[in-house]
Amino acid sequence: IEVTTVGEEANQGDRLGFGQRCCSLGSSSPWLYRTAGIFPEHGTEEKKMVLYFAVAPQASKSQRSGCHGRAASEARPGGATAAFRARVGERRRDGVVRGPTMLVTAYLAFVGLLASCLGLELSRCRAKPPGRACSNPSFLRFQLDFYQVYFLALAADWLQAPYLYKLYQHYYFLEGQIAILYVCGLASTVLFGLVASSLVDRLGRKNSCVLFSLTYSLCCLTKLSQDYFVLLVGRALGGLSTALLFSAFEAWYIHEHMERHDFPAEWIPATFARAAFWNHVLAVVAGVAAEAVASWIGLGPVAPFVAAIPLLALAGALALRNWEENYDRQRAFSRTCAGGLRCLLSDRRVLLLGTIQALFESVIFIFVFLWTPVLDPHGAPLGIVFSSFMAASLLGSSLYRIATSKRYHLQPMHLLSLAVLIVVFSLFMLTFSTSPGQESPVESFIAFLLIELACGLYFPSMSFLRRKVIPETEQAGVLNWFRVPLHLLACLGLLVLHDSDRKTGTRNMFSICSAVMVMALLAVVGLFTVVRHDAELRVPSPTEEPYAPEL
């Protein structure tokens, strides 16, 4: 936004802490200051985006009146504010939704989705009697010891999600620089994810969970710095922490369940099904909590990261006090990968399943990056928007359980196809709703909610199919091979976005994602053709089999 002003108003940038340095923005306007896109006094590295320009006090009246054709009447004390408001008003009238509209839409969507989830879950709980695992006191105590630590870790993880992009934007990094930070995090997740199982077995599962608390706390502390290199280190620590979160806790629980307590193996899926449900609930609550601390505490977007540190410290302390250490026999990393590759190449079902996962989840990673810059400029409350996303995902998971029940008896393969179709449709919506100059944030928000709803259908469906198709002994190796193309595609997409024009890059990225999801849909059709007569991939009709979704 270009604003013309003179006198004291031109120096407002300095009083707000902006440096003042005259720079040429072209041969026709060498007298302009770059006030909101400042050059620090101690160096020349540009760290802030240009928000408005102000005419230098020493500019002559004729220069001021001729600046980009603006009238001299605009160059008077108070003219900057008036011109700024007028231009913002023009942009709003040209199709940009006002902040209050997006604010009300987000809260209404959140309340509606939450009410739907509560209704479905309450009706399911009334219809289904508790199983025998729920009445065993020993098992309940063991489960509670696990949940106390695990849920604190998950809550700390979710608390940071709504404001990660906003924090980098708050530090005035450009979208391309933020994309590199995300790529660093994804690359770290790939590298540490490949060796996480071996690392956990070597260190011990309990020690690995405590290490997770330490590394993730350090990751949160790096967010207090505005130094780009420190933030890159923080993203690398975040990748290590994510790898530990989704390997060490589950490995500790399964070993204790089977080896130390000797509980029935069929109780394990019930434990993780309950964990998946409460994981969604924690995500919804974390979004609201992040919105509250970011708004009420004076720290701004960094507040949720500071608030996550006590949760991580408490999780580590409880693990140290209540958990016993356990180890497992280490299998050579090369043998694990070699076995996984053989399984991947010898079974067409596994190959198609891996293709679907890589294409679908890489698009989800890009969506995670893009939703904030699409909605935030229109005044969306990021924490409430994030909670709405998680409520939509929870609704999808509830619909999955209902659809695969004895009453409807739909198969996971059908629901996987439906999830991919919903994402394809949503991405086509986004290519139009993010068109430069014709943005429609409400339509974009609805499309994002549909994507999250599809994720709620996709993850339990994919988890069921993987468990049936991939031999248990080869699952770790096969999943390693699945993750590599998944993260590579996501990194490639973010790098393409990094090199694109800001105005058209977002829309073009959604167009590319649409094409990727069409390929995923073709892979789903291919898998459906291969397994349509495979009784092993059907949900048993007499009883509802509890599923253990991937968290």
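Cut-offs used in this document
Residues numbered from 1 in each chain as written. Predicted model: local features only at pLDDT ≥ 70, side-chain atom pairs only at ≥ 80, totals over all residues. Heavy atoms only, no water. Helix = DSSP H or I, 4+ residues; strand = E, 2+ residues; numbered from the N terminus. Buried < 20%, exposed > 50% of the residue type's maximum accessible area, 1.4 Å probe, protein only. Contact = heavy atoms within 4.5 Å. Areas by Shrake-Rupley, 256 points an atom, 1.4 Å probe, with all protein chains shown as cover. Expected span 1.5 Å × (residues − 1). Polar contact = N/O pair within 3.5 Å; in protein donor to acceptor, adjacent residues only side chain to side chain. Core = buried A, V, L, I, M, F, W, Y, C linked by side-chain atoms within 4.5 Å. Salt bridge = Lys/Arg side-chain N within 4 Å of Asp/Glu carboxyl O. Patch = residues over 30% accessible without salt bridge, like charges linked within 9 Å, V, L, I, M, F, W, Y side chains within 5 Å. Axes fitted to C-alpha atoms, helices over the stretch in contact; angles between N-to-C directions. Parallel < 35°, antiparallel > 145°, perpendicular 65-115°, else oblique. Left-handed = near helix turned anticlockwise from the far one by under 90°. Nonpolar A, V, L, I, M, F, W, Y, C, P; charged D, E, K, R; others polar. pLDDT = per-residue confidence, 0-100. Phe/Tyr/Trp six-rings, centres within 6.5 Å; stacked < 30°, edge-to-face > 60°.

A.B. asks: What's the story with the overall build of the protein in this structure? I'm lost.
C.D. replies: Looking only at helices and strands, one finds 19 helices and two strands in the protein. Split into buried and exposed, the 551 residues of the protein put 52% on the buried side. The long-range share in the protein, meaning contacts at least 24 apart out of those at least 6 apart in sequence, stands at 80%. Split by element, the accessible area of the protein, about 25100 Å² in all, is 62% carbon and sulfur.

A.B. asks: I would appreciate a short explanation of helix α9 (residues 228-245) in the present structure.
C.D. replies: In an α-helix, one full turn covers 3.6 residues, which means residues spaced three or four apart are oriented alike. For α9, with 18 residues, the first-to-last C-alpha span of 25 Å sits near the 26 Å given by 1.5 Å per residue. In this fold, the buried residues of α9 make contact with α5 (137-160), α6 (164-170), α7 (175-203), α8 (205-222) and α10 (248-260). Regarding α9, its N-cap is D227, as a side-chain oxygen of that residue lies 3.0 Å from the backbone nitrogen of F229 further along.

A.B. asks: Is there a simple way to think about the environment of F139 in this case?
C.D. replies: Looking at the secondary structure, you find F139 in helix α5. Residue F139 is classed as buried on the basis of its relative accessible area, which comes to 2%. With 124 residues separating them along the chain, F139 and F263 place their C-alpha atoms 7.6 Å apart.

A.B. asks: What is the right way to look at the nonpolar core in this model?
C.D. replies: The nonpolar side chains of a soluble globular protein tend to be buried, and buried together. With 138 residues, the main nonpolar core has F249, L375, F389 and F448 as its most contacted residues. Considering every element that reaches this core, the biggest residue donor is helix α14 (residues 348-375), with 15 residues. Once residues lying within four places of it in the same chain are set aside, the contact partners of F389 are F367, W371, L375, F445, F448, L449 and E452.

A.B. asks: Just to check I follow, could you spell out helix α12 (residues 303-322) for this structure?
C.D. replies: Its 20 residues place the ends of α12 30 Å apart at the C-alpha level, agreeing with the 28 Å of an ideal helix rising 1.5 Å per residue. Residues A303, P304, F305, A308, L312, A315, G316, L318 and A319 constitute the buried set of α12. Of the surrounding elements, those touching the buried residues of α12 are α5, α6, α8 and α11 (267-296).

A.B. asks: In this structure, what is going on with the pattern of salt bridges? I would like to understand it.
C.D. replies: When the charged atoms of two side chains lie near each other, side chains of opposite charge can form a pair. Considering all chains together, one arrives at four salt bridges under this definition. In this structure, the salt-bridge partner of R401 is E121, at a minimum N-O distance of 2.5 Å. With a gap of 280 residues between them, R401 in helix α15 (residues 382-403) and E121 in helix α4 (residues 99-127) connect regions that are remote in the sequence. Comparing R401 with E121, the two get one shared label, buried. A salt bridge links R205 to D201, with the shortest nitrogen-to-oxygen separation between them at 3.2 Å. Across the pair, D201 and R205 agree in class, each one buried.

A.B. asks: Got a minute to help me understand the side chain of E361 in this structure?
C.D. replies: Along the chain, the position of E361 falls in helix α14. Contact partners of E361, with chain neighbours within four places excluded, come to Y458, F459 and L486.

A.B. asks: Could you clarify how one ought to interpret a nonpolar patch on the surface in this entry?
C.D. replies: On the surface, a cluster of nonpolar side chains totalling about 280 Å² of accessible area is made up of L218, L221 and L224. Note on placement: L224 falls in the loop between α8 and α9.

A.B. asks: For this particular structure, what's the right way to read unusual backbone geometry?
C.D. replies: Negative phi is the rule for most residues except glycine; trans is the rule for most peptide bonds. Although it is not a glycine, Y172 adopts a positive phi angle of roughly 65 degrees. The residue Y172 is located in the loop between α6 and α7 in this model. Given the relative accessible area of 27%, Y172 is considered partly exposed. Unusually for a residue other than glycine, D262 sits at a positive phi of about 55 degrees.

A.B. asks: I'm lost on the packing of α14 against helix α17 (residues 441-469) in this one. Help?
C.D. replies: Across the interface, α14 lies against α17 with an axial gap of 11 Å and an inter-helix angle of 155 degrees. The pairing of α14 with α17 is recorded here as roughly antiparallel in orientation. α17 is crossed by α14, and the crossing has left-handed handedness. The residue inventory of the contact of α14 with α17, partitioned by class, reads 19 nonpolar, two polar and four charged.

A.B. asks: Would you explain the confidence of the model for the protein in this entry?
C.D. replies: Across the protein, pLDDT averages 77, with 73% of residues at or above 70. Counted against residues more than four places away or in other chains, residues 1-98, with its pLDDT under 50, gives 139 contacts. Ignoring residues within four places in sequence, the model shows residues 542-551, a span with pLDDT below 50, making 32 contacts including any to other chains.

A.B. asks: For this particular structure, what's the right way to read the packing of aromatic side chains?
C.D. replies: Aromatic rings in a pair are described by how distant their centres are and how their planes are angled relative to each other. Counting across every chain of the model gives 35 aromatic pairs. For the ring pair F142 and Y253, a centre distance of 5.0 Å and an interplane angle of 20 degrees mean the geometry is stacked. In this pair, F142 sits in helix α5 while Y253 sits in helix α10, placing the two residues 111 residues apart along the sequence. Of the two residues examined, F142 and Y253, each falls in the buried class. Pairing F389 with F448 gives two aromatic rings, centres 6.1 Å apart and planes at 80 degrees, and the pair type is edge-to-face. Of this pair, F389 sits in helix α15 while F448 sits in helix α17; the two residues are 59 residues apart in sequence, bridging distant segments of the chain.

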